[in-house]
Amino acid sequence: MTNINETQINFEKQRYQILGITLMLMGILFTQYFYFILKNISLTAFGISIIIISITIIFLADDSPSPEIIKSLIESICDNIETQLNFSDLNERCIYLPPRENKIFVYIPKNQSKTSKSSKNTEISPKATRSMSQTEWITIYLPISILLLNSVKEKSIEEALYEILVDQFKTIKIIKVVESNNKIIVKMIGSKIENSQPKFKQIFGSFNTMISGSIISYFKNKPLVIMQENIVNANITTTFEVIEINE
Amino acid sequence: MNKRKLYILSLETLYALTLIILSILRIEQLDVYLIIMIMIYYIITLVFQPKKRGIDMVGLIFFIFFCYLIFRKIFAIIG
């Protein structure tokens with residue numbers, strides 16, 4: 001698995017170099033053909049422009065942080081949250097809240113057995129019509145939120161998720177989003193990161209699910225819960241439910 | 001779209017526009033095409049300031065070539 005991931009990362013690094021070299025070879029062939037055989041100056045200039053662009057592409061460095069840096073950054077974020085969670089008695093799935101002042105918060109219900117009598121009758125499994133005031137909660141601010149929200153403006157949900165998870169974090173390869181009523185199914189293929197933090201996974205879902213939940217709650221501007229998360233090999237299928245709040 | 005993609009796209013677009021305009025104007029001197037393309041490269045690189053591997057090899061080659069073209073013109077005028 002590790003070898004496959006390393007090969008994928010190396011291929012992504014070399015993708016521009018391969019494109020550049022291919023373009024340069026084509027440019028050299030075109031230029032010679034246009035100049036010596038067709039004797040057309042405009043077309044020769046076209047060939048030269050291809051060569052210039054190809055050399056520019058070859059010598060351009062990747063301006064995004066390397067996948068190794070992103071991976072270690074994500075792991076440290078998850079570890080920090082896991083450490084915080086280990087000091088608490090939180091076990092229930094969280095609710096992703098729409099952002100306030102460009103910050104993403106999650107509500108985590110406190111463990112049912114230790115909460116007050118009044119909250120005992122409340123179902124912890126997410127229900128769309130559940131009243132939040134009946135249960136005790138803890139709010140956690142996700143420090144990754146500023147990075148997320150600045151990148152997703154003026155995009156659709158799928159485009160935003162693609163931009164963050166595929167283009168920027170490079171933690172998955174393909175993403176598909178299906179919406180039906182108040183349910184949103186996100187299928188993420190080729191996950192390159194695995195959460196080793198059990199409590200984090202239990203409360204937020206996998207890292208990719210956490211990011212998806214945060215972004216979807218931003219777009220829907222409503223609270224969101226994870227109904228189901230299936231992880232098979234490197235493929236993650238997460239079903240979210242948008243909570244309609246009764247006012 | 002990230003800065004790198006935007007830089008390449010801008011370069012391609014401006015080169016394409018230059019080629020079309022100069023072809024319409026029926027300019028048959030390769031020097032003119034090259035000088036304009038070199039200038040576009042420098043302007044776009046200055047605007048976007050992309051991260052390069054090591055020194056800017058393309059810029060260096062262009063600078064030497066640009067100097068060669070200019071000196072050739074000067075000597076042609078003097079001579």
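Shown above is the structure to which this text applies.
Reference entry: report on the structure contained in this document. (Residues numbered from 1 in each chain as written. Chains lettered and ligands numbered in written order. Predicted model: local features only at pLDDT ≥ 70, side-chain atom pairs only at ≥ 80, totals over all residues.)

Let's shift gears to the packing of helix α2 (residues 41–59) of chain A against helix α1 (residues 3–24) of chain B. Taken N-terminus to C-terminus, the directions of α2(A) and α1(B) make an angle of 170 degrees; their axes are 10 Å apart at the nearest point. Taken as axis vectors, α2(A) and α1(B) run roughly antiparallel relative to one another. From α2(A), S42(A), A45(A), F46(A), S49(A), I53(A), T56(A) and I57(A) reach across to α1(B), where they touch I8(B), L11(B), E12(B), Y15(B), L19(B), L22(B) and S23(B). Class assignment for the residues of the contact of α2(A) with α1(B) results in nine nonpolar, four polar and one charged. (Axes fitted to C-alpha atoms, helices over the stretch in contact; angles between N-to-C directions. Helix = DSSP H or I, 4+ residues; strand = E, 2+ residues; numbered from the N terminus. Parallel < 35°, antiparallel > 145°, perpendicular 65-115°, else oblique. Contact = placed C-beta atoms within 7 Å. Nonpolar A, V, L, I, M, F, W, Y, C, P; charged D, E, K, R; others polar.)

So, about the packing of α2(A) against helix α2 (residues 30–48) of chain B. With their axes 10 Å apart at the nearest point, α2(A) and α2(B) run at an angle of 30 degrees to one another. Here α2(A) is positioned roughly parallel relative to α2(B), judged by the angle of their axes. Considering how the two elements wind past one another, α2(A) and α2(B) form a crossing that is right-handed. Of α2(B), the residues touching α2(A) (which contributes I41(A), T44(A), A45(A), I48(A), S49(A) and I52(A)) are L30(B), Y33(B), L34(B), M37(B) and Y41(B). When its residues are assigned to classes, the contact of α2(A) with α2(B) shows nine nonpolar, two polar and no charged. (Left-handed = near helix turned anticlockwise from the far one by under 90°.)

Before going further, it helps to spend a moment on unusual backbone geometry. All names here are of chain A. The phi dihedral of K39 is positive, around 55 degrees, even though this residue is not glycine. Within the secondary structure layout, K39 lies in the loop between α1 (2–38) and α2. A tally of 9 C-beta atoms within 10 Å means that K39 is categorised as exposed. The backbone of N233 shows a phi angle near 55 degrees, a positive value even though the residue is not glycine. For N233, the position within the fold is in the loop between β6 (224–232) and β7 (235–242). (Buried ≥ 20, exposed ≤ 12 C-beta atoms within 10 Å, placed from the backbone.)

With 22 residues, α1(B) should reach 32 Å at 1.5 Å per residue; the first-to-last C-alpha distance of 31 Å fits that figure. Of all the residues in α1(B), the buried ones are Y7(B), I8(B), L11(B) and Y15(B). For α1(B), the buried positions fall inside an angular range of 95 degrees around the axis, keeping them on one side. Away from its buried face by more than 90 degrees, α1(B) exposes K5(B), L9(B), T13(B), A16(B), L17(B), I20(B), I21(B) and I24(B). Those residues of α1(B) that are buried lie in contact with α2 of chain A together with α2 of chain B. (Expected span 1.5 Å × (residues − 1). Arc of directions from axis to C-beta.)

Turning to the interface of chain B and chain A, a few remarks are in order. Between chain B and chain A, the contact holds 22 residues from the first and 17 residues from the second. Listing elements by their share of the side of chain B that touches chain A, those giving two or more residues are α1, α2 and α3 (57–78) of chain B. Here the side of chain B that touches chain A takes nine residues from α1(B), the largest share from any one element. In terms of residue class, the side of chain B that touches chain A is made up of 13 nonpolar, two polar and seven charged.

Right, let's get into the nonpolar core. With 38 residues, the main nonpolar core has I95(A), L165(A) and L224(A) as its most contacted residues. Beyond its immediate sequence surroundings of up to four residues, I95(A) is in contact with V106(A), Y107(A), P223(A), L224(A), V225(A) and I243(A). Ranked by size, the runner-up nonpolar core spans 18 residues in total, among them I57(A), Y33(B), M37(B) and V58(B). (Core = buried A, V, L, I, M, F, W, Y, C linked by C-beta atoms within 7 Å.)

Residues and elements named next belong to chain A. Here two bridges tie strand β1 (residues 95–96) to strand β2 (residues 104–109), and the two strands are oriented antiparallel to one another. Among the inter-strand pairings, I95 is bridged to a residue of β2, identified as Y107. For β2 and strand β3 (residues 137–142), the ladder comprises six bridges, and the chain directions are antiparallel. The partner of I108 across the bridge, within β3, is I138. (Pairing = 2+ DSSP bridges.)

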